Amino acid sequence: PRAENSPSPTYQGPVAAIGRALPPGACVLSDQVSLLVSASRLVSDRPGCPVVVDGTGTSYALAHGQSALTSGQVPAVAAVWRHAFGAAQYICLTPYNRLRIAWTPQLTGYLHSHFRLAAGPWSPLQLYVRNGLALRS
């Protein structure tokens, strides 16, 4: 069972903490867009900030039925994620991100070379901050 199947708010505390830590209008990417909606961080005021509403659906549509686990090798899917990660200032990942994001070695390398994992009260979520940016205190 995943968070979306839970009868109670699974990430309520972590989402509130992320909402406090991220500046309004920031460009935030997540494998589960409902977290950004709940934290009031879905809408960005940064031009060109992409919103990937459904990573799983994106993989299915652009890779002709392949899931995120295998669709990273499809150029159109890889391009969506490269663009999204390239524009994002912050990335919020759930424990299920491997099922929703079409990870490739290149995308993983980009994440680790351009972002740092931020410590905070959002476990089990992971919050990455683009190098050079800070969180709100």
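The structure displayed is predicted, hence computed values, not measured ones. Per chain, residue numbering runs from 1 following the sequence as it is written. Owing to the predicted nature of the model, reporting of local features is limited to residues with pLDDT of at least 70; listing and counting of side-chain atom pairs is limited to 80 or more, with chain, interface and lining totals taken over all residues. The side-chain numbers reported here are obtained from all heavy atoms of the structure, hydrogens and water having been left aside.

K.L.:
Which parts of the structure should I look at to understand helix H1 (residues 12–21)?
P.N.:
Each turn of an α-helix holds 3.6 residues, which means side chains three or four residues apart point in the same direction. Type-normalised accessible area, obtained with a 1.4 Å probe on protein chains alone, sets the label of each residue: buried when under 20%, exposed when over 50%, and partly exposed for intermediate values. Put simply, DSSP marks the helices as runs of H or I at least four residues long and the strands as runs of E at least two long, and each gets a number from the N terminus on. Of all the positions in H1, only Pro14, Val15, Ala17, Ile18, Gly19 and Ala21 are classed as buried. Its buried side turned inward, H1 meets helix H2 (33–38), strand E2 (90–93) and strand E4 (126–130). A contact between two residues is defined here by any heavy atoms of the two lying within 4.5 Å.

K.L.:
When you look at the packing of aromatic side chains in this model, what are you seeing that I'm missing?
P.N.:
Describing an aromatic ring pair means giving the distance of the ring centres and the angle of the ring planes. By convention, a stacked pair of Phe, Tyr or Trp rings (six-membered ring in the case of Trp) has centres within 6.5 Å and planes under 30 degrees apart, an edge-to-face pair has planes over 60 apart, and any other such pair is tilted. By the definition in use, this model includes 2 aromatic pairs. Aromatic side chains tryptophan 81 and phenylalanine 85 sit 6.3 Å apart centroid to centroid with 75° between the ring planes, which places their arrangement in the edge-to-face category. Taken together, the residues span about one helical turn, with tryptophan 81 and phenylalanine 85 both in helix H5 (residues 75–87) at a distance of 4 residues. Each member of the pair, tryptophan 81 together with phenylalanine 85, is buried.

K.L.:
What is the right way to read the state of the cysteines from this model?
P.N.:
Working definition: the covalent bond between the sulfur atoms of two cysteines is a disulfide. We call a pair of cysteine sulfur atoms a disulfide when they lie within 2.5 Å. Applying the stated rule across the entire model yields 1 disulfide. We note that cysteine 92 lacks a disulfide partner, and the nearest cysteine sulfur, in cysteine 27, lies 13 Å from it. A relative accessible area of 1% means that cysteine 92 is categorised as buried.

K.L.:
Just checking my understanding: could you explain helix H3 (residues 55–62) for this structure?
P.N.:
Looking at H3, one finds that the buried residues are Gly55, Thr58 and Ser59. All buried residues of H3 lie within an arc of 100° about the axis, which places them on one face of the element. Summarising the contacts, the buried residues of H3 are in contact with helix H4 (68–71) and H5. The residue sitting at the N-terminus of H3 and contributing the capping side-chain oxygen is aspartate 54; that oxygen lies 3.2 Å from the backbone nitrogen of threonine 56. It is the directions from the helix axis to the C-beta atoms whose arc is reported. Two N or O atoms count as a polar contact when they lie within 3.5 Å, although within protein this holds only if one can serve as hydrogen donor and the other as acceptor, and sequence-adjacent residues are included solely when both atoms are side-chain atoms.

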